[in-house]
Amino acid sequence: MKTINIPLPANAYPVVVGHGALAGLADLLGKYRLGTDAVIISNPKVFGLHGRQLQGVLRKAGVTAKVLLVADSEKSKSMATAVRLIDQVVRYSVGRKCFIVAFGGGVTGDLAGFVAAVTKRGLPFIQVPTTFLAQIDSSIGGKVAVDLPAGKNLVGAFYHPRFVLADTAFLETLSGRQIRNGLAEAVKYGVIADARLFSFMEKEYRRLVENDLSVITPVVSACAAIKAKIVAADEKETRGLRTILNFGHTIGHAIETTAGYTLYQHGEAVALGMRAAASISVRMKLLDPMVHFRIETLLTAFGLPENIEGCSLPGILSAMRFDKKFSGKTNRFVLARDIGDVVLQEGVDLALISAVVGKMLIRRRSSRLLSH
Ligand SMILES: NC(=O)c1ccc[n+]([C@@H]2O[C@H](COP(=O)([O-])OP(=O)(O)OC[C@H]3O[C@@H](n4cnc5c(N)ncnc54)[C@H](O)[C@@H]3O)[C@@H](O)[C@H]2O)c1
Ligand SMILES: [Zn+2]
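One structure accompanies this document, and this report is about it. (Residues numbered from 1 in each chain as written. Chains lettered and ligands numbered in written order. Predicted model: local features only at pLDDT ≥ 70, side-chain atom pairs only at ≥ 80, totals over all residues. Heavy atoms only, no water.)

## Thoughts on the coordination of the zinc ion (ligand 2)
Right, so step 1: Those donors, Glu185 (OE), His249 (NE2) and His266 (NE2), are the protein atoms that reach the zinc ion (ligand 2), and they lie 1.9 to 2.2 Å from it.
Right, so step 2: All donor residues of the zinc ion (ligand 2) come from one chain, and their arrangement in sequence is E-x63-H-x16-H. One end of the pair, Glu185, is in helix 6 (residues 176-193); the other, His249, is in helix 10 (residues 249-258), and 64 residues separate them in sequence. Across the pair, His249 and Glu185 agree in class, each one buried. (Donors = N, O, S within 2.8 Å, 3.2 Å for Na, K, Ca; no water. Helix = DSSP H or I, 4+ residues; strand = E, 2+ residues; numbered from the N terminus. Buried < 20%, exposed > 50% of the residue type's maximum accessible area, 1.4 Å probe, protein only.)

So this is what it looks like as structure tokens:
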């Protein structure tokens, strides 16, 4: 078991990572005095697979839990679902001191965290992430949000959990596609901060794609540690440091929005966004083409998409304007200088972005996306 501390001045909390980490839940609940009444927010799939195990551990810890399930879809990250949950939590918490358990992937974590942040001006919550992507990224750092039709995560807050418990045993039931989805964010960590992690993934790509937990678990720890360090250095993203976590996300989010959140999972769209950002970096003479080749090769080895489908160039460019990283009228990109070294660049030429994205667009469906 590995504990990674996020030393925030007012909100310090641990991220506990390990195979079988759930066994430590009772101790953590006691240590952080979360009380004996929980509301678990999850979806039918995750709860069906692992809910009994979670409830068993909670029961042993003397915690009574009410379970609220939402549909298994990015569409659940909506104001409508949040309002419904808030109403249910408020009703249940009459006469009780409740905490919320976010139990699922990034969709559940973002949504449940948002509900916790705004219900009665803030209820304590814990993150028990069950996807690879949620364990390495979304459960850490306190960004909670729901989407609007105009774009992703447009209503949200910074609201930290009391702790994050990432048990990699949950990952055993993930599909190959979900593992690849998380591997996209892992590539992001390598590019923005950790050349050693990147090399490890190049060497172990086969076992990683096969969801071999002996290599997945150290990748979860390494990525969680990078995120923890970046969040600790720039909690509210006011210093430009945390922004580097958005490598690949400016175009990635625009692709997700344009494709309607159904064709691509988040990591897949981010992989396309990273390919585009790396390409822009080369064309701006920031990145050596050979290093660009390594990034493309690793993404391809992980089975991540190479071409953009289901989107038009004007659609992507217009969706990009809603990106929170745009400061006023100028765009802001995270570009790569090397593996482990990125830079923030304002005002990237729109013609260059259009050329790079245009080259990646295709109309036919790629066979890679269809194979699960
Ligand atoms: N808050 C942040 O800082 C942050 C960072 C990155 C991503 N995100 C958000 O995270 C979301 C994507 O998260 P995700 O990729 O985890 O998607 P997700 O939550 O939709 O989960 C993917 C799928 O895996 C299923 N699943 C979850 N755990 C499982 C398990 N153990 N076994 C089998 N199936 C399981 C889910 O039911 C779902 O069908 C996006 O909304 C994105 O915006 C947030
Ligand atoms: Zn992401």
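## Describing helix 2 (residues 44-60)
Right, so step 1: Along its 17 residues, helix 2 runs 23 Å from first to last C-alpha, staying within 8% of the 24 Å computed at 1.5 Å per residue.
Right, so step 2: Taken together, the buried positions of helix 2 are Val46, Phe47, His50, Gly51, Leu54, Val57 and Leu58.
Right, so step 3: You can read the cap of helix 2 off the contacts: a side-chain oxygen lies 2.9 Å from the backbone nitrogen of Lys45, and it is on Asn43.
Right, so step 4: Gly62 sits one or two residues past helix 2 and shows a positive phi near 80°. (Expected span 1.5 Å × (residues − 1). Polar contact = N/O pair within 3.5 Å; in protein donor to acceptor, adjacent residues only side chain to side chain.)

## Considerations on the environment of Leu111
Right, so step 1: With respect to the helices and strands, Leu111 occurs in helix 4 (residues 106-118).
Right, so step 2: A residue is classified by how much of its surface remains accessible, and Leu111, at 0% relative accessible area, is buried.
Right, so step 3: Residues Leu111 and Asn43, 68 residues apart in the sequence, show an inter-C-alpha distance of 11 Å.

## Section: the pairing of strand 8 (residues 151-158)
Right, so step 1: The pairing of strand 7 (residues 143-148) with strand 8 spans five bridges and is classified as antiparallel. Bridge assignment links Leu148 to a residue of strand 8, and that residue is Gly151.
Right, so step 2: If you look at the hairpin formed by strand 7 and strand 8, you'll find two residues sitting between the two strands. (Pairing = 2+ DSSP bridges.)

## Concerning the packing of aromatic side chains
Each pair of aromatic rings is reported with the distance of its centres and the angle of its planes.
Right, so step 1: Under the criterion given, the structure shown has four aromatic pairs.
Right, so step 2: A centroid spacing of 5.7 Å and a plane angle of 45° characterise the contact between Tyr32 and Phe163, whose relative ring orientation is tilted. With a gap of 131 residues between them, Tyr32 in the loop between helix 1 (25-31) and strand 3 (37-42) and Phe163 in the loop between strand 8 and strand 9 (164-167) connect regions that are remote in the sequence.
Right, so step 3: Residue class for Tyr32 comes out partly exposed when judged on its relative accessible area of 23%.
Right, so step 4: Overall, Phe163 belongs to the buried group, its relative accessible area being 0%.
Right, so step 5: With 5.6 Å between their ring centres and 75° between their planes, Phe103 and Phe170 make a pair best called edge-to-face. With a gap of 67 residues between them, Phe103 in strand 5 (residues 98-104) and Phe170 in the loop between strand 9 and helix 6 connect regions that are remote in the sequence. (Phe/Tyr/Trp six-rings, centres within 6.5 Å; stacked < 30°, edge-to-face > 60°.)

## Some words on the site of ligand 1
Right, so step 1: Neighbouring ligand 1 are 27 residues, the closest being Glu74, Gly106, Thr130, Thr131 and Thr173.
Right, so step 2: At 2.9 Å, a backbone N or O of Phe170 approaches a nitrogen atom of ligand 1.
Right, so step 3: One of the side-chain N or O atoms of Thr173 is found 2.6 Å from a nitrogen atom in ligand 1.
Right, so step 4: Within the complex, the protein chains bury 91% of what would otherwise be the 870 Å² of accessible surface of ligand 1.
Right, so step 5: A total of four residues in the shell around ligand 1 trace back to one element, the largest contributor, which is helix 2.
Right, so step 6: Of the residues contributing to the shell around ligand 1, the split by class is six nonpolar, twelve polar and nine charged.
Right, so step 7: For the shell around ligand 1, the two domains that each supply at least three residues are domain 1 (2-173) and domain 2 (176-370). (Near = heavy atom within 4 Å. Areas by Shrake-Rupley, 256 points an atom, 1.4 Å probe, with all protein chains shown as cover. Nonpolar A, V, L, I, M, F, W, Y, C, P; charged D, E, K, R; others polar. Domains from an automatic or database assignment.)

Don't take any of this as a statement about function, it's just geometry.
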